[in-house]
Amino acid sequence: MAVKGPQRWRDVLEAGNPRDIAQCITIVENSGERAREILNSLPLPTAHVIGLTGPPGVGKSTSTSAFVSELRSMGHRVAVLAVDPSSPYSHGALLGDRIRMQQHAGDSDVFIRSLAARGHLGGLTETTLDVITVLSAARFSHIILETVGVGQSEIDIAHAADTTIVITAPGMGDGIQAAKAGILEIADIFAVNKADRDGADITARELKGMLSLSPDSDGWIPPVILTVATTGRGFDELAASVQEHWEYLETSGEKASRRIGRLRDYIIARSLAQVKRSMVQTEEQLDIAARVSTGQLNTEQAVTEIINAQQEHI
Ligand SMILES: Nc1nc2c(ncn2[C@@H]2O[C@H](COP(=O)(O)OP(=O)(O)O)[C@@H](O)[C@H]2O)c(=O)[nH]1
Ligand SMILES: [Mg+2]
């Protein structure tokens, strides 16, 4: 394939060919100089980023597929980023997801990608935001971030997303458990999936009960929606709630403040990475360490000297 200049990448992405988009994401994921050039040529993302999280087996991947169908029926162009930091090598699970997503294969308005899991905050927020920028430039109006809900990754997703959907199911992670995991704070919308099973009403009622007790700090009360991902039941209501939340973010001014917070995290992550890269080992550092060893400097003074010396290298 011909080498594309950064400005050309902007046009290529806008044309929206899935293969070009995939190639661009690969470049961006490798975060070299070309990645920076391309990203600098792209506008800030405008797409609605929707996080979808919950414990393993709750029906996230099935729900993602059903949600994609719903958004497609509304005429939206949809991208899915599947992030699974807990099991980077779980090819078995990914295979299952791939089969599930087969129904969207051949639809050029659906783009699906597994993100390389870097394991923690920096990796997820930094690269994920770059990929979101690429997808938004490729005219996807909705970007779904699917992650396994295991502690930190839930908080990461809430950072990267405009709207966070937390999925539960009857008999899985009952209400009390959810409250402990800090899920109430990050959820903008709750889906009680597997509503074809006994106990979904009870789970929904418990969640609503807890939500009514928690302080309504930002004026948005998360709705609790019953879904059956295997049949698509409830996904029209879920899509309507997601749209309502988007409008709420806009009118309350929270959309702007969330995005500024996200950009700050991104800039800090990039800055840290740059500082780390520039922290090459030098003779000067050995000198400083030697002076510590003979008692000329204490370690705190040594840190200050190293940071000062470093600033010339960044
Ligand atoms: N009965 C029922 N099963 C479901 C529903 N949604 C998903 N499942 C099943 O639950 C299992 C786990 O689903 P999956 O989407 O892989 O969950 P994930 O690990 O959260 O991504 C699969 O066997 C699905 O077919 C549902 O609404 N009802
Ligand atoms: Mg899954």
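Below is a short write-up of the structure. Please read these numbers as outputs of a predicted model, since none were measured by experiment.

The rules behind each value
- Residues numbered from 1 in each chain as written.
- Chains lettered and ligands numbered in written order.
- Predicted model: local features only at pLDDT ≥ 70, side-chain atom pairs only at ≥ 80, totals over all residues.
- Helix = DSSP H or I, 4+ residues; strand = E, 2+ residues; numbered from the N terminus.
- Contact = placed C-beta atoms within 7 Å.
- Near = placed C-beta within 6 Å.
- Nonpolar A, V, L, I, M, F, W, Y, C, P; charged D, E, K, R; others polar.
- Axes fitted to C-alpha atoms, helices over the stretch in contact; angles between N-to-C directions.
- Parallel < 35°, antiparallel > 145°, perpendicular 65-115°, else oblique.
- Left-handed = near helix turned anticlockwise from the far one by under 90°.
- Pairing = 2+ DSSP bridges.
- Expected span 1.5 Å × (residues − 1).
- Buried ≥ 20, exposed ≤ 12 C-beta atoms within 10 Å, placed from the backbone.
- Core = buried A, V, L, I, M, F, W, Y, C linked by C-beta atoms within 7 Å.

**Concerning the overall build of the protein chain**
Now for step 1: Looking only at helices and strands, one finds 14 helices and 7 strands in the protein chain.
Now for step 2: Long-range pairs, those at least 24 residues apart, make up 77% of the contacts in the protein chain between residues at least 6 apart in sequence.

**Some points on the site of ligand 1**
Now for step 1: Surrounding ligand 1, one finds 16 residues, the nearest of these being Gly59, Lys60, Ser61, Thr62 and Ala229.
Now for step 2: For the shell around ligand 1, the element with the most residues is helix H4 (residues 60-73), which contributes 3 residues.
Now for step 3: Taken together, the residues that form the shell around ligand 1 break down as 4 nonpolar, 8 polar and 4 charged.

**Here we look at the packing of helix H13 (residues 283-293) against helix H14 (residues 299-311)**
Now for step 1: Running from amino to carboxyl end, H13 crosses H14 at an angle of 165°, the nearest separation of the two axes being 10 Å. Regarding the angle of H13 to H14, the classification is roughly antiparallel. Judged by the twist between their axes, the crossing of H13 over H14 is right-handed. Facing Glu284, Gln285, Ile288, Ala289 and Val292 of H13, the residues of H14 in contact are Thr299, Ala302, Glu305, Ile306 and Ala309.

**Details of the sheet that holds strand S2 (residues 78-83)**
Consider a sheet: its strands pair through backbone hydrogen bonds, and that pairing is either parallel or antiparallel.
Now for step 1: One open sheet accounts for 7 strands, arranged S3-S2-S4-S1-S5-S6-S7; its pairing is parallel. Only two strands of the sheet have a single neighbouring strand rather than two, namely strand S3 (110-115) and strand S7 (224-226). Between one strand and the next, the sheet's axes are offset by a mean angle of 20°, whatever the strand orientation.
Now for step 2: Sitting on the sheet, helix H10 (residues 200-213) touches strand S5 (163-168), strand S6 (189-192) and S7, and the angle it makes with S7 is about 170°.

**Here's the deal with the packing of helix H2 (residues 18-29) against helix H3 (residues 33-41)**
Now for step 1: Contact geometry for H2 and H3: axes closest at 7 Å, N-to-C directions at 120°. On the basis of their axis angle, the class for H2 and H3 is oblique. Crossing of H2 over H3 shows left-handed handedness. Judged by residue contacts, Cys24, Ile27 and Val28 of H2 engage Arg34, Ala35, Ile38 and Leu39 from H3.
Now for step 2: In the contact of H2 with H3, the residues fall into 6 nonpolar, no polar and 1 charged.

**Some points on the environment of Thr168**
Now for step 1: Locating Thr168 in the fold gives a position in strand S5.
Now for step 2: A sequence separation of 39 residues divides Thr168 from Leu207, and the C-alpha atoms of the two residues are 9.8 Å apart.

**Overview of H4**
Now for step 1: Over its 14 residues, H4 extends 20 Å from the first C-alpha to the last, a length consistent with the 20 Å expected when each residue adds 1.5 Å.
Now for step 2: For H4, the buried fraction is high: 11 of the 14 residues fall into the buried class.
Now for step 3: Residues of H4 that are buried: Lys60, Ser61, Thr62, Ser63, Thr64, Ser65, Ala66, Phe67, Val68, Glu70 and Leu71.
Now for step 4: Gly75 occupies a position one or two residues after H4 and carries a positive phi of about 90°.

**Some remarks on the nonpolar core**
Now for step 1: Core analysis: the largest hydrophobic core is formed by 63 residues, its most contacted members being Val134, Leu135, Ile143 and Leu145.
Now for step 2: With sequence-adjacent residues up to four places away left out, Val134 is seen in contact with Leu13, Ile21, Cys24, Ile25, Val28 and Leu42.

**What about the pairing of S5?**
Now for step 1: The buried count for S5 comes to 6 of 6 residues, which makes it a mostly enclosed element.
Now for step 2: The alternating pattern of S5 places Thr163, Ile165 and Ile167 and Thr164, Val166 and Thr168 on opposite faces, both of which are buried.
Now for step 3: Pairing of strand S1 (residues 48-54) with S5, which is carried by 4 bridges, proceeds in the parallel orientation. Bridge pairing in S5 links Gly51 to Thr164.
Now for step 4: Bridging between S5 and S6 involves 4 bridges; their strand directions are parallel. Within S6, the residue paired with Val166 across the bridge is Phe190.

**Topic: helix H12 (residues 254-278)**
Now for step 1: Between its terminal C-alpha atoms H12 stretches 36 Å, which fits the 36 Å expected from 25 residues at 1.5 Å a residue.
Now for step 2: Sparse coverage of H12 is indicated by the burial of 0 of its 25 residues.

**So, the pairing of strand S4 (residues 142-148)**
Within a regular beta strand, the side chains point alternately toward one face of the sheet and then the other, so they alternate between its two faces.
Now for step 1: Most of S4 sits inside the fold, with 7 of its 7 residues counted as buried.
Now for step 2: Two elements, S1 and S4, share 7 bridges in a ladder whose sense is parallel. Bridging across to S4, Leu52 finds its partner in Glu146.
Now for step 3: Sheet topology note: the S2/S4 ladder contains 6 bridges and is parallel. Residue Val83 lies in a different strand from S4, and its bridge partner there is Thr147.

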